[in-house]
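Topology and contacts: notes
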Amino acid sequence: MIRLLVLDVDGTMTDGGVYYDSTGNELKKFAIKDGAGIVLARAAGMQVMICTGRECEAVRRRAQDLHIDYLFQNVHDKAAFLSRFMAEHSLTKQDVAYCGDDLNDLTAMALCGFVACPADAAPEVKARADYQCPQRGGEGAVRGAVEHILRTDGRISSAAKKAARALCAARWKRSCCGTAACLPPLKKPLAQRFDGCG
């Protein structure tokens, strides 16, 4: 059973583009669907690591927003780093899943029991992957990988329920009972809210 999900950033959590604002700050676009997938992974009991060869404040901010367990930037030898991490945390190959898209991920992928990649990954990565997500990098590939893992090992249903409660609690800043009572009152009756819809 997967206990740790390792994620690459550029081309996996993002579309691989690098954007700069007028002051030279690097910006990245992240998919909300991937964030929901990470919440789902954590609800299933997985820890999540971001391991990237670049450093960017946007990645730190995204990791903080998603309560990522481990964030490691400027990692130039991902395999050596991951090997040490796994030894220090008593993780076996079968405990670790990896989702990445490019050649610099291949040696780290060899250490993991399950490997996923986005639909637009490098051909060499696609050949190595156990699962090719139908989504492209930055467009929900992380969520696709998480859902595949959890469907395969039977954790999807219980994880989805826990994730829904966690998202509800985060939104309304209180514990969620899992019922309609957690929804805020509607300002208008439903019939009025959907007036004019086909």
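Preceding this section is the structure that the text describes.
Remember, predicted model here, so these are calculated numbers, not experimental data.

About the criteria used
Residues numbered from 1 in each chain as written. Predicted model: local features only at pLDDT ≥ 70, side-chain atom pairs only at ≥ 80, totals over all residues. Heavy atoms only, no water. Phe/Tyr/Trp six-rings, centres within 6.5 Å; stacked < 30°, edge-to-face > 60°. Helix = DSSP H or I, 4+ residues; strand = E, 2+ residues; numbered from the N terminus. Buried < 20%, exposed > 50% of the residue type's maximum accessible area, 1.4 Å probe, protein only. Polar contact = N/O pair within 3.5 Å; in protein donor to acceptor, adjacent residues only side chain to side chain. Contact = heavy atoms within 4.5 Å. Axes fitted to C-alpha atoms, helices over the stretch in contact; angles between N-to-C directions. Parallel < 35°, antiparallel > 145°, perpendicular 65-115°, else oblique. Left-handed = near helix turned anticlockwise from the far one by under 90°. Nonpolar A, V, L, I, M, F, W, Y, C, P; charged D, E, K, R; others polar. Arc of directions from axis to C-beta. Pairing = 2+ DSSP bridges. Core = buried A, V, L, I, M, F, W, Y, C linked by side-chain atoms within 4.5 Å. Expected span 1.5 Å × (residues − 1).

One pass over the full model with this rule turns up four aromatic pairs. Taking the centre distance of 4.8 Å and the plane angle of 80 degrees together, the rings of Tyr70 and Phe85 count as edge-to-face. Of this pair, Tyr70 sits in strand 5 (residues 70–72) while Phe85 sits in helix 3 (residues 78–88); the two residues are 15 residues apart in sequence, bridging distant segments of the chain. Comparing Tyr70 with Phe85, the two get one shared label, buried. Among the aromatic side chains, those forming a connected cluster through ring pairs are Tyr70, Phe72, Phe81 and Phe85.

Our focus in this paragraph is the side chain of Lys28. The residue Lys28 is located in the loop between strand 3 (26–27) and helix 1 (32–43) in this model. Here Asp10 takes part through its side chain, which lies 2.6 Å from a polar atom of the side chain of Lys28. The residues touching Lys28, leaving out its near neighbours within four places in the chain, are Val9, Asp10, Thr14, Val18, Tyr19, Arg54, Cys56, Ala58 and Val59.

Once that is clear, we can look at the packing of helix 1 against helix 6 (residues 141–153). At a minimum axis distance of 7 Å, the contact between helix 1 and helix 6 shows a crossing angle of 30 degrees. Judged by the inter-axis angle, helix 1 sits roughly parallel to helix 6. Between helix 1 and helix 6 the crossing geometry is left-handed. On the side of helix 1, the interface is formed by Lys33, Asp34, Ala36, Gly37, Ile38, Leu40 and Ala41, while helix 6 contributes Ala141, Val142, Arg143, Val146, Glu147 and Leu150. Considered class by class, the residues forming the contact of helix 1 with helix 6 number eight nonpolar, one polar and four charged.

So, about helix 2 (residues 57–65). When helix 2 is considered as a whole, its buried residues turn out to be Ala58, Val59, Arg62 and Ala63. On an axial view of helix 2, the arc spanned by its buried residues comes to 135 degrees, and they lie on one face. Buried residues in helix 2 make contact with strand 3, helix 1, strand 4 (47–51) and strand 5. Downstream of helix 2 by a residue or two, His67 has a phi angle that is positive, lying close to 55 degrees.

Time to look at the sheet that holds strand 7 (residues 114–117). Strand pairing within a sheet occurs via backbone hydrogen bonds; the two strands may be parallel or antiparallel. Read from one edge to the other, the open sheet built from six strands follows the order 5-4-1-6-7-8, with strand pairing classed as parallel. Of all strands in the sheet, those bounded by a partner on one side alone are strand 5 and strand 8 (131–132). One ladder, built from four bridges, connects strand 1 (residues 4–7) with strand 6 (residues 96–99); its direction is parallel. Bridging from a neighbouring strand, Leu7 pairs with Cys99 of strand 6.

Attention shifts here to the nonpolar core. Ranked by internal contacts, the top residues of the largest apolar core, which has 34 residues, are Leu5, Leu7, Met13 and Ile38. Broken down by secondary-structure element, the contributors of at least two residues to this core are strand 1, helix 1, strand 4, helix 2, strand 6, strand 7, helix 6 and helix 7 (156–172). Top element by residues in this core is helix 6. It accounts for six residues. Not counting residues up to four positions away in its chain, the partners in contact with Leu7 are Met13, Ile38, Val48, Met49, Ile50, Cys51, Cys99 and Val142.

Between its terminal C-alpha atoms helix 1 stretches 17 Å, which fits the 16 Å expected from twelve residues at 1.5 Å a residue. For helix 1, the complete set of buried residues consists of Asp34, Gly35, Gly37, Ile38, Val39, Leu40, Ala41 and Ala43. A positive backbone phi angle near 95 degrees is found at Gly45, which sits one or two residues after helix 1.

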